[in-house]
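Each chain, written out:
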Amino acid sequence: MAVNDRIGYWNKTRSLMFTMLALWVFFGFIVHMFVTSLNEIVILGFPLGFYMAAQGSLIAFVVMLFWFARKQNAIDEEFGVAEE
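Residues numbered from 1 in each chain as written. Predicted model: local features only at pLDDT ≥ 70, side-chain atom pairs only at ≥ 80, totals over all residues. Heavy atoms only, no water.

Engineer: Would you take a moment to explain the pattern of salt bridges for this structure?
Structural biologist: Charged atoms that come close allow side chains of opposite charge to pair. In the structure shown here, the tally under the stated rule is one salt bridge. A salt bridge links Lys12 to Glu78; its shortest N-O distance comes to 2.9 Å. Of this pair, Lys12 sits in helix H1 (residues 3-33) while Glu78 sits in helix H3 (residues 48-78), placing them 66 residues apart in sequence. (Salt bridge = Lys/Arg side-chain N within 4 Å of Asp/Glu carboxyl O. Helix = DSSP H or I, 4+ residues; strand = E, 2+ residues; numbered from the N terminus.)

Structural data, given as structure tokens:
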């Protein structure tokens, strides 16, 4: 892989990594900081804050995991370093 390709690969990978880190911080910490105000919103009989703490963040993390793997695989294929 040429030097320019390495720099491009790392820039895209780093951008994806920071995006995932920001989403992780949001769903792991920020949402839970506002749980009392989110509890005023009720969906299907459950307060939204409770739902986000009990299930929402976990669902978001699983979706983020698959999304990250898919995006990273696309970056790997673009730069010719994909695994079989």
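Engineer: Would you explain a nonpolar patch on the surface in this entry?
Structural biologist: Side chains of Trp10, Met17, Phe18, Leu21, Trp24, Val25, Phe29, Met33 and Phe34 sit close together on the surface and give an oily, nonpolar patch of about 940 Å² of accessible area. Within the element layout of this structure, Trp24 appears in helix H1. (Patch = residues over 30% accessible without salt bridge, like charges linked within 9 Å, V, L, I, M, F, W, Y side chains within 5 Å. Areas by Shrake-Rupley, 256 points an atom, 1.4 Å probe, with all protein chains shown as cover.)

Engineer: Help me understand H1 in this model?
Structural biologist: Given 3.6 residues per helical turn, the α-helix brings residues three or four places apart onto the same face. Relative to the 45 Å expected for 31 residues at 1.5 Å per residue, H1 spans 43 Å between its end C-alpha atoms, a close match to the ideal helical length. Along H1, the helix axis deviates most sharply at Phe26, where the bend reaches about 35 degrees. When we look at burial in H1, the residues that qualify are Thr13, Leu16, Met20, Phe27 and Val31. Those residues of H1 that are buried are in contact with helix H2 (35-38) and H3. (Expected span 1.5 Å × (residues − 1). Bend = angle between axes of the 7 residues up to and from the residue. Buried < 20%, exposed > 50% of the residue type's maximum accessible area, 1.4 Å probe, protein only. Contact = heavy atoms within 4.5 Å.)

Engineer: How should I be thinking about the nonpolar core in this particular structure?
Structural biologist: If you look at soluble globular proteins, the nonpolar side chains tend to sit buried side by side. Leu16, Met20, Phe27, Val31, Leu38, Leu48, Met52, Ala60, Met64, Ile75 and Phe79 form the largest nonpolar core, which has eleven residues in total. Among the secondary structure elements, those contributing two or more residues to this core are H1 and H3. Apart from residues no more than four positions distant in its own chain, Val31 is found in contact with Phe26, Leu38 and Met52. (Core = buried A, V, L, I, M, F, W, Y, C linked by side-chain atoms within 4.5 Å.)

Engineer: I'm lost on H3 in this one. Help?
Structural biologist: The largest bend in H3 amounts to roughly 45 degrees and is located at Gln55. Within the sequence span of H3, burial applies to Leu48, Gly49, Met52, Gly56, Ser57, Ala60, Met64, Gln72, Ile75 and Asp76. Those residues of H3 that are buried lie in contact with H1, H2, strand E1 (42-43) and strand E2 (46-47). Where H3 terminates, the next one or two residues include Gly80, which has phi positive at roughly 75 degrees.

Engineer: I keep staring at the packing of aromatic side chains and nothing clicks. Help me out?
Structural biologist: For any pair of aromatic rings, the description rests on two quantities: the centre-to-centre distance and the angle between the ring planes. For the coordinates displayed, the defined rule picks out four aromatic pairs. Note on Tyr9 and Phe79: the rings are 5.7 Å apart at their centroids and 80 degrees apart in plane angle, and the pair reads as edge-to-face. Remark: Phe79 occurs in the segment after H3 and Tyr9 occurs in helix H1; sequence separation between them is 70 residues. Centroid distance Phe26 to Phe27: 5.0 Å. Interplanar angle 80 degrees. Geometry classified as edge-to-face. (Phe/Tyr/Trp six-rings, centres within 6.5 Å; stacked < 30°, edge-to-face > 60°.)

Engineer: Looking at this structure, how should I read unusual backbone geometry?
Structural biologist: For residues besides glycine, phi is generally negative; the peptide bonds are generally trans as well. One non-glycine residue, Leu44, lies in the positive phi region at around 55 degrees. Within the secondary structure, Leu44 is located in the loop between E1 and E2. Judged by relative accessible area, which is 81%, Leu44 ranks as exposed.

Purely geometric stuff here, so don't read any function into it on its own.
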